[in-house]
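# Architecture at a glance
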Amino acid sequence: GLKKWVEVGNSGVFRPELLLPMGLPENVSVIAWGLSLERPTMIKYGIKNIRELMGHRVNLQMVYDSPMCRLDG
């Protein structure tokens, strides 16, 4: 429906400064990958900035009102 490519799966290599606090030596490389479900969620709810979906800027009312989320246990 967007008529453009959307990243769904992503991968990358952790930067050394992120690994050092974990006690890993500087010469260690760590790869990561995931489904990146944030992108389809952003499209569905019209969110333009990923920081509004994750972190301290999340609109909690959207989370409570969303049929995809259940917070009642």
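This structure is a prediction, so every number in the text was calculated from the model and none was measured.

Attention shifts here to the overall build of the protein chain. Helix and strand counts for the protein chain stand at three helices and two strands. Going from the N terminus to the C terminus, the protein chain shows its helices and strands as β-α-β-α-α. Residues classed as buried in the protein chain amount to 10% of the 73 residues present. Pairs at least 24 apart in sequence give 26% of the contacts found in the protein chain among residues at least 6 apart. Of the roughly 6,500 Å² that the protein chain leaves accessible, carbon and sulfur atoms contribute 59%.

Attention now goes to the confidence of the model for the protein chain. Chain-level pLDDT for the protein chain is 80 on average; 89% of the residues reach the 70-or-more range. Helix α3 (residues 60–65) is the least confidently modelled element of the protein chain, averaging 80 in pLDDT, while helix α1 (residues 16–19) averages 85, the highest of any element.

Moving on: the packing of aromatic side chains. Inspection of every chain in the model, using the stated rule, returns zero aromatic pairs. The ring of Y45 carries the charged tip of K44 above its face, separated from the ring centre by 5.5 Å.

What follows is about the pattern of salt bridges. Evaluated as defined, the whole model comprises one salt bridge. R15 is paired through a salt bridge with E17; the nearest N and O atoms lie 2.6 Å apart.

This brings us to the environment of M42. On the secondary structure map, M42 appears in helix α2 (residues 38–45). In this structure, the C-alpha to C-alpha distance between M42 and E52, residues 10 residues apart in sequence, is 9.2 Å. If we skip the residues at most four places from it in the chain, M42 touches I47, K48, N49, I50 and L53.

A few words now on a nonpolar patch on the surface. A cluster of nonpolar residues, L2, V6, V8 and I43, forms a patch on the protein surface that exposes about 290 Å² of accessible area. Tracing the backbone shows V8 in the segment before β1 (10–13).

Let us now look at the environment of L53. On the secondary structure map, L53 appears in the loop between α2 and α3. The class of L53 is buried, set by a relative accessible area of 17%. Taking the C-alpha atoms as reference points, L53 and M42, 11 residues apart in sequence, are found 7.5 Å from one another.

How each quantity is defined
- Residues numbered from 1 in each chain as written.
- Predicted model: local features only at pLDDT ≥ 70, side-chain atom pairs only at ≥ 80, totals over all residues.
- Heavy atoms only, no water.
- Helix = DSSP H or I, 4+ residues; strand = E, 2+ residues; numbered from the N terminus.
- Buried < 20%, exposed > 50% of the residue type's maximum accessible area, 1.4 Å probe, protein only.
- Contact = heavy atoms within 4.5 Å.
- Areas by Shrake-Rupley, 256 points an atom, 1.4 Å probe, with all protein chains shown as cover.
- pLDDT = per-residue confidence, 0-100.
- Phe/Tyr/Trp six-rings, centres within 6.5 Å; stacked < 30°, edge-to-face > 60°.
- Lys NZ or Arg CZ within 6 Å of the ring centre and 35° of its normal.
- Salt bridge = Lys/Arg side-chain N within 4 Å of Asp/Glu carboxyl O.
- Patch = residues over 30% accessible without salt bridge, like charges linked within 9 Å, V, L, I, M, F, W, Y side chains within 5 Å.

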